[in-house]
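Take a look at the letters that make up each chain.
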Amino acid sequence: MIEIVLLHKHSHLSNIILPDSVVTNEDYAKRAVELGQKVLSSCEHGTPGAYRECYDLAKKYNLRWRYAMEAYFVRDRFSQDRTNAHLLIAAKTEKGMYDLNEVFSESNITGYYYRPRVDLDLLMKLDPKDVFITTACIAGVWQYGFDKETGKYDWKEPDALIRQLHSHFGDSMKLEVQYHDVDRQKTVNEHILKLYRDEGIGTS
């Protein structure tokens, strides 16, 4: 039996500018129990979220707690790049939690431009023994290959970024498949499956 672990989630606390969820962390905890899941993630947009609340809720509902965030990625965090490609990063160990917190802090100190941003320089400081990473949604690194005028993708740069991440993180990196009934999501999902089949990069 495959264990379902929901790490990429957003609560009503996630995005104060453009709210995208009305669900509370306790709602997630209760639903996880109903579905027989074992993990409660603290993940939010750009931050590790209300991780203390999630920690307490995990204890209350007999779940494992995961310290996680959906980070904003750019080519160079010192540039004025507002691409803010999404990447999910989650701690596997206590050290990973502290390392992720350090990266999050640095993204606010040296990477802040409208939002806290990370780049490859920061990501490569994370040890794959202690954290893992996923490609998140269609707002991920795929954006670097998307032409808004034509609605078409050039996969060259996104794939190069994926390969760099996979080279460092190995099995601690996953390609994230999501179900949203829009053409762009279907196109990205098809490409993700091609990467999985051709290059052996895992999916989640």
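No experiment lies behind these values; they were computed from the predicted model shown.

K.L.:
Help me out: how do you make sense of the pairing of strand S4 (residues 85-91) in this one?
P.N.:
Side chains on a regular strand alternate between the two faces of the sheet. The buried fraction of S4 amounts to seven of the seven residues, a majority that puts the element mostly inside the structure. Across the two faces of S4 the burial is the same, with Ala85, Leu87, Ile89 and Ala91 and His86, Leu88 and Ala90 all buried. Across six bridges, strand S3 (residues 68-73) lies against S4 in antiparallel orientation. Across the sheet, Ala71 pairs through a bridge with Leu87, a residue of S4. Judged from the four bridges that link them, S4 and strand S6 (residues 131-134) form a sheet pairing that is antiparallel. What sits directly across from Leu88, in S6, is Thr134.

K.L.:
Just checking my understanding: could you explain helix H5 (residues 156-169) for this structure?
P.N.:
Residue pairs spaced three or four apart in an α-helix point in one direction, given the helix's 3.6 residues per turn. Compared with an ideal rise of 1.5 Å per residue, which puts 14 residues at 20 Å, H5 spans 20 Å between its outermost C-alpha atoms and is within 8% of the ideal. Buried-residue contacts for H5 involve S3, S4, helix H4 (120-123), S6, strand S9 (173-174) and helix H6 (183-199).

K.L.:
Hey, could you run me through the layout of surface pockets in this one?
P.N.:
Rolled over the atoms, a probe with the dimensions of a water molecule shows which regions are left empty. There is about 290 Å³ of room inside the second largest pocket. For the second largest pocket, the lining is made up of 16 residues, of which Tyr72, Asn84, His86, Arg115 and Ala139 are closest to its centre. Among the residues making up the lining of the second largest pocket, the classes are represented as four nonpolar, eight polar and four charged.

K.L.:
Which parts of the structure should I look at to understand the packing of aromatic side chains?
P.N.:
The description of two aromatic rings rests on the distance between their centres and on the angle between their planes. Applying the stated rule across the entire model yields eight aromatic pairs. Plain terms: the ring middles of Trp65 and Tyr67 are 6.1 Å apart, the flat faces sit at 75° to each other, and that makes the pair edge-to-face. For Trp65, a relative accessible area of 21% gives the class partly exposed. Plain terms: the ring middles of Trp142 and Trp155 are 6.0 Å apart, the flat faces sit at 80° to each other, and that makes the pair edge-to-face. Taken together, the residues span a long stretch of sequence, with Trp142 in the loop between S6 and strand S7 (146-147) and Trp155 in the loop between strand S8 (152-153) and H5 at a distance of 13 residues.

Cut-offs applied
- Residues numbered from 1 in each chain as written.
- Predicted model: local features only at pLDDT ≥ 70, side-chain atom pairs only at ≥ 80, totals over all residues.
- Heavy atoms only, no water.
- Buried < 20%, exposed > 50% of the residue type's maximum accessible area, 1.4 Å probe, protein only.
- Helix = DSSP H or I, 4+ residues; strand = E, 2+ residues; numbered from the N terminus.
- Pairing = 2+ DSSP bridges.
- Expected span 1.5 Å × (residues − 1).
- Contact = heavy atoms within 4.5 Å.
- 1 Å grid on protein atoms, 1.4 Å probe; cavity = no way out; pocket = protein on both sides within 12 Å on 5 of 7 lines; lining within 4 Å.
- Points joined across faces, edges and corners; volume = space filled by probe spheres on them.
- Nonpolar A, V, L, I, M, F, W, Y, C, P; charged D, E, K, R; others polar.
- Phe/Tyr/Trp six-rings, centres within 6.5 Å; stacked < 30°, edge-to-face > 60°.

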